[in-house]
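# Remarks on the overall topology
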Amino acid sequence: MVTHRCRLRRGLIGCLTIAAALLGLPAGLAAQSDARAAPEKITVSVTALRATQENRSEVQLDADLEPLRKALGSVKNCDTFRKITEARIDVPFGAEKGVDLTAHYALYVTAVSKENDGRVRIKARIEECAVSDSEKRTRTAVSAVSSMAPGGHLVLAGLKLDDAAQFVAVLSVE
Amino acid sequence: MFTSRKKRAVEQWFDRQEGAEREESACGFSGDAELAGHLADIRRLREGVKAVAVRQQIADDQFGAFMAGIHERLTEQAPRRAPGMWALASMAAVVLLVAISAVVVMMGKPAGVRAEQTEIEAYSTEIKGATVDAQSDKDTATVWVNVPAGDVW
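The next subject is the overall build of chain B. Helix and strand counts for chain B stand at 5 helices and 3 strands. Each helix and strand of chain B, placed in order from N terminus to C terminus, yields the pattern α-α-α-α-α-β-β-β. Looking at chain B alone, contacts between residues at least 24 apart form 23% of all its contacts between residues at least 6 apart. Here chain B displays about 11800 Å² of accessible surface, and carbon together with sulfur accounts for 58% of that area.

Structure, rendered in structure tokens:
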């Protein structure tokens, strides 16, 4: 009888051990998956550019803009790009962070979500501000929601910088 | 019908007779093959019942060997069995099934080819009269605002 109880107890302990191991495995994987799927924040790199049409035979860029050559190929009617400024902003998920790119344009980025396929959904908004009669006015020049692939770029273009140039912002998620 | 009645009569006769007397009288049935066969069947049946009815007894001179056999079996180690093995195996199988299901559910869908593409899902502008175009290449998405000439704000 005692032997039978011992065997039952050992069997029960074995069952519980296996159950704990097998239930702990997916829990650990899920935690790891969650950590991978939903980091606390993303870092967005933005480069603000002055784009002009100078009738060149090929696109001309500042030397440090070479990594963006392919992305800037999608900008219509411009063949010369000069860097105005660049910035990196840390954006927590669910929050919006902004950075001034020029005296008139500011970029605001919201980290919306991280998808299961590794892409990051962001909302990017360029606010245009003007001051007249000591009154500051703003409007959303352009707003876009984009699923950003790793290493991918979001180009916001077409806004006026001055009479001869356009304003272009290139975003990427690091 | 007639044959059946004869068979019953033979059965009653067989049970009434005893030993050698029965064997002598049975010779009278040898002419009828069917009744002789039936008689043989009855004899075999009755002998079988009689053998079962006899209780086996252990004589005094057999008792020592009988007890020795009992002692031998008592000291013999019982074959090792694992009474909880099937319960353990079935429980482990259930837990494994649940764990695999949980992993499949929690891991989500596998990444497809869309994972490498940067896409525009929505776009807008507040500039009056402006239109917005969007295009997605493999790793570049472009949103282009067409600001009307003479945009005064």
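Contacts between the two partners involve 44 residues from chain B, matched on the other side by 49 residues from chain A. Buried area between chain B and chain A, summed over both chains or domains, comes out near 3900 Å², and the portion from carbon and sulfur atoms is 59%. The interface formed by chain B and chain A contains 4 salt bridges. Close ionic contact of Lys 70 of chain A with Asp 139 of chain B constitutes a salt bridge, the shortest N to O distance being 3.9 Å. At the junction of chain B with chain A, the criterion picks out 19 residue pairs in polar contact (both at pLDDT 80 or more). If you tally residues by element for the side of chain B that touches chain A, the top one is helix H5 (residues 85–107) of chain B, at 10 residues. Examined bridge by bridge, strand E8 (residues 153–160) of chain A and strand E3 (residues 140–146) of chain B share 5 bridges and lie parallel to one another. Counted as the bridge partner of Ala 157 of chain A is Trp 144 of chain B from E3 of chain B.

Residue placement: Ser 143 of chain A occurs in strand E7 (residues 135–148). Apart from the residues lying within four places of it in its own chain, the contact partners of Ser 143 of chain A are Lys 123, Ala 124 and Arg 125 of chain A together with Ala 122, Tyr 123 and Ser 124 of chain B.

This next bit is on the sheet that holds strand E4 (residues 96–100) of chain A. Spatially, the 5 strands line up as an open sheet ordered E4(A)-E5(A)-E6(A)-E7(A)-E1(B), and their pairing is antiparallel. Looking at strand neighbours, the two that pair on one side only are E4 of chain A together with strand E1 (119–124) of chain B, the edges of this open sheet. With strand direction ignored, the average angle separating the axes of adjacent strands in the sheet is 20 degrees. For strand E5 (residues 105–114) of chain A and strand E6 (residues 120–132) of chain A, the ladder comprises 9 bridges, and the chain directions are antiparallel. Across the sheet, residue Ala 106 of chain A finds its bridge partner in E6 of chain A, namely Glu 127 of chain A.

So, about the confidence of the model for chain B. Residue and element names in this part refer to chain B. In the predicted model, chain B carries a mean pLDDT of 82, and 87% of its residues have values of at least 70. Taking the mean pLDDT of every element in chain B, the minimum, 68, falls on helix H2 (residues 19–26) and the maximum, 91, on E1. Both scores are available for the predicted complex, with the pTM at 0.56 and the ipTM at 0.74.

Once that is clear, we can look at the sheet that holds strand E2 (residues 131–136) of chain B. With respect to topology, 7 strands assemble into an open sheet ordered E2(A)-E3(A)-E1(A)-E9(A)-E8(A)-E3(B)-E2(B), the strand pairing being mixed. The open sheet is flanked by strand E2 (60–61) of chain A together with E2 of chain B, the only strands paired with a single partner.

The rules we used
- Residues numbered from 1 in each chain as written.
- Chains lettered and ligands numbered in written order.
- Predicted model: local features only at pLDDT ≥ 70, side-chain atom pairs only at ≥ 80, totals over all residues.
- Heavy atoms only, no water.
- Helix = DSSP H or I, 4+ residues; strand = E, 2+ residues; numbered from the N terminus.
- Contact = heavy atoms within 4.5 Å.
- Areas by Shrake-Rupley, 256 points an atom, 1.4 Å probe, with all protein chains shown as cover.
- Buried area = accessible area lost by both parts, 1.4 Å probe.
- Salt bridge = Lys/Arg side-chain N within 4 Å of Asp/Glu carboxyl O.
- Polar contact = N/O pair within 3.5 Å; in protein donor to acceptor, adjacent residues only side chain to side chain.
- Pairing = 2+ DSSP bridges.
- Axes fitted to C-alpha atoms, helices over the stretch in contact; angles between N-to-C directions.
- pLDDT = per-residue confidence, 0-100.

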